[in-house]
Amino acid sequence: MAIKVLIVDDAVFMRNMIREVFTPDRFEVVAEAANGQEAIDRYKQHKPDLVTMDIVMPMMSGIDATRAIVEHDANAKIIMCSALGQEALVMEALDAGASDFIVKPFQPDDVLKVVNKVLSR
Amino acid sequence: MERVLVDLERADGPAQPGAVDDFFRAAHSIKGMAASMGFQETTALAHALEDLMEPVRAGAEPLTRSTIDLMLAGVDRLRELVEAIDAGEGKESGSAEAVVTRIRQQQRDKGTSPAAAAATPAQANGNGKPAAAATPGTEGPDEPTVSVQVEISPTSRTPAVRGYLVHKRLSELAPVVRMTPPLEEVKKGNFDRKLLLELGGSPADDAIRAKVAGIPEIVRVEIRRGGQIVAADSETPVVSSATLKADRIVRIQASLLDSLIDGAGEILTLRHVLRKEAQYSNNARLLDAVTRMERIAHEMHRGALAARLAPIGTILERLPRTAREVARISGKEVEVEIEGGEIEIDRAILEEIQGPLVHVIRNAVDHGIEKPETRVENGKPARGRLHIRITRERDYVTISVADDGRGMDPNKIRQSAVQKGIIDEDRAAVLDDREALRLICLPGFSTAEKLTEISGRGVGMDVVKTTVEGFGGEFEIESTIGRGSLMLLRLPRTIALVQVLLAHTGEEMYAVPLNKILRSIEVSSGDVKSVPRGSAIEVNGELIPMRPLAEALGRPVAARLTDDLRVRALVVESRGKKAALAVDEIAGVQEVVVKPLGMPLRRIEGVAGITRVGDGRPVFLLDPQKLL
């Protein structure tokens, strides 16, 4: 069965780049969200196996959304999409319950490595 | 350690905090290293010495002669142990037991032992809570713990976060009694990607291995109980220290090394084209080959760059003489102290930075240090002091040059800049002190009332700044009137690959370092508001001034922002304020090798360097902060 993925990022081009990583042979991107609140709604609606979450977004940050999602589902697997220089924010996100993180820009390989590790836990 | 103790003994009065810290740190790192290599006696002794110094460091106890004697005895034994390890093919021989017992006995007599023992692990844990809160007293330093050594991949771009996560995941399994280096240092990235965690509560090996196996970017994990390796997992073949020693050093022509680095860099640039082609044609085999080639090219590039590292000390040797010569000519006295010369940096950066550094030194002596009589009048020692300090933090090396001279007066600099017509009065008035100090980096500026032969006409400070920034570094000035100035040159350790966003404006393409962009948003003309000094966009209720990139670069602007069109706004932060640059579209993200520009291109404001993108086209690398 395909692994269901929710992609959260306010930038369309980032969402597209991440989408390319999740090839249809193993994954199914069930939804996309452009801010934290949308992410929570889509999560509840689709119950994805995996979430990729941008950190800085309008309306509600990825950290707050992560906190809310983990509160709703303690087993949620959320991978933060960070950039260099956001180290402190990533640590905050990990404290909020994120499973792991990737650093932008990334190679599909790097993302899949992290995804596989997170799914193996 | 011995030197510190002898100094402490010689000095009358209260112990010098710096010296006590030095001793403490030395004991701490010996303990960490010995523990990671399984040398139990050395670990126990270093630990005892550390505990003995702890109350002194905390200011709870004076440093008595008997304590110093005990410490000296301990240091003697420690030296014997280390020498024995060296000579005896890595075996610990000799006994430190007697001295450890004496130290522990003295602590018991004084009643300081429990406090000291409890304070250290809690501090190492770094979260402010006592580490072994669940079982107070039972996780003392002498209790057996499981030690887990974890090595983070050299390719990890954020070892600090990775290290933080390792601590987090393992503490879900068992209390982390101690971590070397401490969590606070790991969070700052001040470590060599190796972590040593001591876990209490005896978790099973398999449980530890399973935890670590779920964490990406870990190349090696080693579990030890009682100093014996009980389990080790490694992604890469383990290189034993014996093989490392056997690795021969060869000399290589610098130009050959340069061409290797350039070659690997070009391959890395070209792979973007290959990857794109493979993706367009949906060729999985090609894509797979490109991915593997990428990895190899990265390895080659990294390896060649590492081979080009050289200690900064090689260019520092002549600086004290330079300083003294300048001092002699200007009738001053100066002493120069250099710290951290062993820290390594890319030779290519080293060569470029030598001239600017000499200028900074000359400038500090010529403009900073006062004449002996003035200094004495102001209650300073007649001889001025110049402190050059090199520190390394993750992938950056900072060279700081501090003088204890007269300092710079921001008001004087403002006035001077206005008089010289560099900036107008209105602008000078709104600059804060820090910004005012930066004015000395503008071409044609000099703070001296009289121009001197030594520092010249203020040519120089601008070159220092542009050179440092050309490598993707930062140049900072701090100064206190009457107390002295500090020049900070923050440089990347190697000519690194920079992740850039490629943006189109009109016919042209520019590269902007990704780490300088807070975000990129799509805006249509409806989102653009007119404000008194131009245009602005609203993001999260915040009004952010925006100008077209073409305009900032002095290029013709095809269409005004208020025309009906959609643009991309790159939001950047400069001196605490957000601002946006409008571009037509974003072409993508690439990793590129940046080269600093030669003169006179170096003088173009906002252009930090030049690079080649996938199709071989040269593209300017922008410094967006300069354009706002």
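That block above? That's the structure.
Owing to the predicted nature of the structure, the values given are computational and were not obtained by experimental measurement.

**Quick word on the sheet that holds strand β14 (residues 508–513) of chain B**
All names here are of chain B.
Part 1 of the reasoning: Pairing within the closed barrel is mixed, and its five strands lie in the order β13-β14-β23-β22-β21. Direction aside, neighbouring strands of the sheet carry axes that sit 50° apart on average.
Part 2 of the reasoning: Where strand β22 (residues 607–612) lies against strand β23 (residues 618–622), five bridges are found, and the strand directions are antiparallel. Paired with Arg-612 across the strands is Pro-618, a residue of β23.

**Quick look at the interface of chain A and chain B**
Part 1 of the reasoning: Taken together, the 27 residues of chain A in the interface contact 31 residues of chain B.
Part 2 of the reasoning: Summed over both partners, the interface of chain A with chain B buries about 2600 Å², with 56% contributed by carbon and sulfur atoms.
Part 3 of the reasoning: Taken as a group, A:Phe13, A:Met91 and A:Pro105 account for 22% of the area that chain A buries against chain B, more than any other trio of residues on that side.
Part 4 of the reasoning: There are four salt bridges connecting chain A and chain B.
Part 5 of the reasoning: Here B:Lys168 ties to A:Asp95 by a salt bridge, and the two come within 2.8 Å at their closest N and O atoms.
Part 6 of the reasoning: If you look at where chain A meets chain B, you find nine residue pairs in polar contact (both at pLDDT 80 or more).
Part 7 of the reasoning: Put simply, the parts of the chain that give the side of chain A that touches chain B at least two residues each are α1 (12–21), α4 (87–95), β5 (100–104) and α5 (108–120) of chain A.
Part 8 of the reasoning: Its residues assigned to classes, the side of chain A that touches chain B comprises 15 nonpolar, three polar and nine charged.

**Re the nonpolar core**
Part 1 of the reasoning: Judged by nonpolar contacts, the single largest core of 53 residues is most densely connected at A:Met53 and B:Leu197.
Part 2 of the reasoning: Here this core gets six residues from one element, more than from any other, and that element is helix α7 (residues 159–173) of chain B.
Part 3 of the reasoning: Counting residues in hydrophobic clusters, the runner-up holds 51 residues, among them B:Leu319, B:Ile390, B:Leu431 and B:Leu439.

**Things to note about α4(A)**
Part 1 of the reasoning: Taken residue by residue, α4(A) has A:Glu87, A:Val90, A:Met91, A:Ala93 and A:Leu94 as its buried positions. Buried residues of α4(A) fall within an arc of 160° about the axis and therefore sit on the same side.

**Comments concerning the environment of B:Lys380**
Residues and elements named next belong to chain B.
Part 1 of the reasoning: Tracing the chain through its elements places Lys-380 in the loop between α16 (372–377) and β9 (384–393).
Part 2 of the reasoning: Considering only alpha carbons, one finds Lys-380 and Glu-370, ten residues apart in sequence, at a separation of 9.8 Å.
Part 3 of the reasoning: Sequence-distant contacts of Lys-380, defined by excluding residues within four places in its chain, comprise Glu-370, Arg-375, Asp-404, Gly-405, Arg-406 and Gly-482.

**Details of empty space enclosed by the protein**
Residues and elements named next belong to chain B.
Part 1 of the reasoning: Applying the stated criterion to the full structure yields three cavities of 30 Å³ or more.
Part 2 of the reasoning: The space that makes up the second largest cavity amounts to roughly 70 Å³.
Part 3 of the reasoning: Contributing to the lining of the second largest cavity are Asn-363, Ala-364, His-367, Gly-368, Asp-403, Arg-406, Gly-407, Met-408, Ser-485 and Met-487.

**Overview of the packing of aromatic side chains**
The geometry of an aromatic ring pair is captured by the separation of the ring centres together with the interplanar angle, meaning the angle of the planes.
Part 1 of the reasoning: Enumeration according to the criterion identifies one aromatic pair over all chains in this entry.
Part 2 of the reasoning: Ring geometry for A:Phe22 and A:Phe27: centres 4.9 Å apart, planes at 75°, overall edge-to-face. Like A:Phe27, A:Phe22 is buried.
Part 3 of the reasoning: For B:Arg490, the ring lying beneath its charged end belongs to B:Tyr396, and the centroid distance is 4.2 Å.

Conventions we followed
Residues numbered from 1 in each chain as written. Chains lettered and ligands numbered in written order. Predicted model: local features only at pLDDT ≥ 70, side-chain atom pairs only at ≥ 80, totals over all residues. Heavy atoms only, no water. Pairing = 2+ DSSP bridges. Helix = DSSP H or I, 4+ residues; strand = E, 2+ residues; numbered from the N terminus. Axes fitted to C-alpha atoms, helices over the stretch in contact; angles between N-to-C directions. Contact = heavy atoms within 4.5 Å. Buried area = accessible area lost by both parts, 1.4 Å probe. Salt bridge = Lys/Arg side-chain N within 4 Å of Asp/Glu carboxyl O. Polar contact = N/O pair within 3.5 Å; in protein donor to acceptor, adjacent residues only side chain to side chain. Nonpolar A, V, L, I, M, F, W, Y, C, P; charged D, E, K, R; others polar. Core = buried A, V, L, I, M, F, W, Y, C linked by side-chain atoms within 4.5 Å. Buried < 20%, exposed > 50% of the residue type's maximum accessible area, 1.4 Å probe, protein only. Arc of directions from axis to C-beta. 1 Å grid on protein atoms, 1.4 Å probe; cavity = no way out; pocket = protein on both sides within 12 Å on 5 of 7 lines; lining within 4 Å. Points joined across faces, edges and corners; volume = space filled by probe spheres on them. Phe/Tyr/Trp six-rings, centres within 6.5 Å; stacked < 30°, edge-to-face > 60°. Lys NZ or Arg CZ within 6 Å of the ring centre and 35° of its normal.

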